[in-house]
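Close look at the chain arrangement
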Number of protein chains: 2
Amino acid sequence: MASNIKFLGQKLAQSIDVDLMSKYGYAIEQLMELAGFSVAESIAREYPVGKVLLCIGPGNNGGDGLVAARHLKHFGYQPVLYYPKQPEKDLYRNLLTQCGHHHIPVVDDLVKEITASSLIVDAIFGFSFKGLVRAPFDQTLAALREASIPIVSVDIPSGWDVESGDAHGVGLSPDMLVSLTAPKICAKEFRGRFHYLGGRFVPPEMAQKLNIPEYPGTSQCVRLN
Amino acid sequence: MASNIKFLGQKLAQSIDVDLMSKYGYAIEQLMELAGFSVAESIAREYPVGKVLLCIGPGNNGGDGLVAARHLKHFGYQPVLYYPKQPEKDLYRNLLTQCGHHHIPVVDDLVKEITASSLIVDAIFGFSFKGLVRAPFDQTLAALREASIPIVSVDIPSGWDVESGDAHGVGLSPDMLVSLTAPKICAKEFRGRFHYLGGRFVPPEMAQKLNIPEYPGTSQCVRLN
């Protein structure tokens, strides 16, 4: 279906992100809303409603996760947030406020919550991640690697290098990967069941360059594998 | 299906809007994105792809229309914008930039474009509108009232009073009305075929007070009639 889609390296992913917010005129709140919505919609396509533990990182990948949590709640799931490092930035604080008003709790005991959930969303690190996983997320990834329930990774399986994949052997092995805008090079090594694409905001010129496949109907996600 | 949904007067609609952006922490870009998307999705449920003329007003109702235009383009429609009064505000300029990069043209000859289109979207006035229709929109409404193709109104049929409906007899008679957040009082006088609700961002506390119906699946719109 999407055999020719372009896989992005870190630099290209970053420059596309800059273009979307400068040349193409998008606000980050718009992009994050559509990205997070596409993650929630992809999940709703493949997993029954139930308790979902969303692990939220300190950057934009975490922001996508906060948006996804809110939409999952609207879809009938019971999301909870594990959010050990909450930055002061208004963008993230507002997304967390929205979650609070949707009765989405922030939880502390990761291991207990894994046991009580039927699905994990890994919204910890995105395409800006480089190098080694630092505290407290080294512990988070260790606990998630032990989980026996499916993991859905947002854009990048956390712990993976954007280009070389699970180079350090500390990364997650997600059951679903939701690539955003376009898949990153590491997605070629994804071995889970479901590879989706989200981010239906790519203008035609960019979509043509990246060989973005057609999204079906009004859906904000499309399956790639 | 939605027999008990609350119909809002102008003051209540305005205070709900303020609450969404203060107490509940939403950015206007998020609300507008989801509102505009729900308009596009409602259209895609009921009308075949074709050329759509979107008439854009100077305020937030127009902003919803600009977002809807972009999503309609992604869904395979051919949207064009009639946008006679373009405010300087960054919010609207950015939405127009996004439309430009999606090859959505801005057109001038309203009567000619009505003839060439299969559907009109009325995103001229919303719930802030009060009093008499001033130039150039008096001419716009006069031309649209003559149109023989269906009109989809965003939140309020333009020319109508939010509460008393088509009090001055200059308003449109839409085939579809997409109410946003909750229907306004004038929607009780809507006589078109399709009444939809969009704006799936209402937190549970507010949804309960307003008797918002369940949205189906992952849809961002729900039919009310």
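Anything mentioned here points back to the structure above.
Let us look at the structure shown here. Every value quoted in this text rests on a predicted model; they were computed, and no experiment measured them. (Residues numbered from 1 in each chain as written. Chains lettered and ligands numbered in written order. Predicted model: local features only at pLDDT ≥ 70, side-chain atom pairs only at ≥ 80, totals over all residues. Heavy atoms only, no water.)

**Quick word on the environment of Asp19 of chain A**
All names here are of chain A. Mapped onto the elements, Asp19 comes out in helix 1 (residues 10-21). Measuring from C-alpha to C-alpha, the distance between Asp19 and Glu205 comes to 12 Å, with 186 residues separating the pair along the chain. Contacts of Asp19, omitting those with residues within four sequence positions, involve Tyr24 and Met206. (Helix = DSSP H or I, 4+ residues; strand = E, 2+ residues; numbered from the N terminus. Contact = heavy atoms within 4.5 Å.)

**Digging into the sheet that holds strand 6 (residues 176-180) of chain A**
All names here are of chain A. In space, the 8 strands of this open sheet follow the order 3-2-1-4-5-6-7-8, with mixed pairing throughout. Two strands lie at the open edges of the sheet, namely strand 3 (106-107) and strand 8 (221-223), each paired on one side alone. Of the pairings in the sheet, the one linking strand 6 to strand 7 (residues 194-198) comprises 5 bridges and is parallel in character. Across the sheet, the residue bridging to Leu177 is His195, located in strand 7. Seen against the sheet, helix 2 (residues 28-46) touches strand 4 (119-123), strand 5 (151-154), strand 6, strand 7 and strand 8 and runs at an angle of roughly 150° to strand 6. (Pairing = 2+ DSSP bridges. Axes fitted to C-alpha atoms, helices over the stretch in contact; angles between N-to-C directions.)

**Notes on the pairing of strand 4 of chain A**
Residues and elements named next belong to chain A. Counting buried residues in strand 4 gives 5 out of 5 residues, a clear majority hidden from the surface. Here strand 4 shows no split at all, with Leu119, Val121 and Ala123 on one side and Ile120 and Asp122 on the other all buried. As paired elements, strand 1 (residues 51-56) and strand 4 share 5 bridges and run parallel to each other. Counted as the bridge partner of Leu53 is Ile120 from strand 4. The handedness of the strand 4 to strand 5 crossover, carried by helix 6 (residues 137-145), is right-handed. (Buried < 20%, exposed > 50% of the residue type's maximum accessible area, 1.4 Å probe, protein only. Right-handed = clockwise from strand over helix to strand, strands pointing away.)

**Let's talk about the environment of Ile120 of chain A**
Residue and element names in this part refer to chain A. Tracing the backbone shows Ile120 in strand 4. When its relative accessible area of 0% is taken as the criterion, Ile120 is described as buried. Considered as a pair, Ile120 and Leu110 are 10 residues apart in the sequence and their alpha carbons are 11 Å apart. Look past the residues within four positions of Ile120 in its chain and what remains in contact with it is Leu53, Cys55, Ile114, Leu144, Ala147, Ile149, Pro150, Ile151 and Val152.

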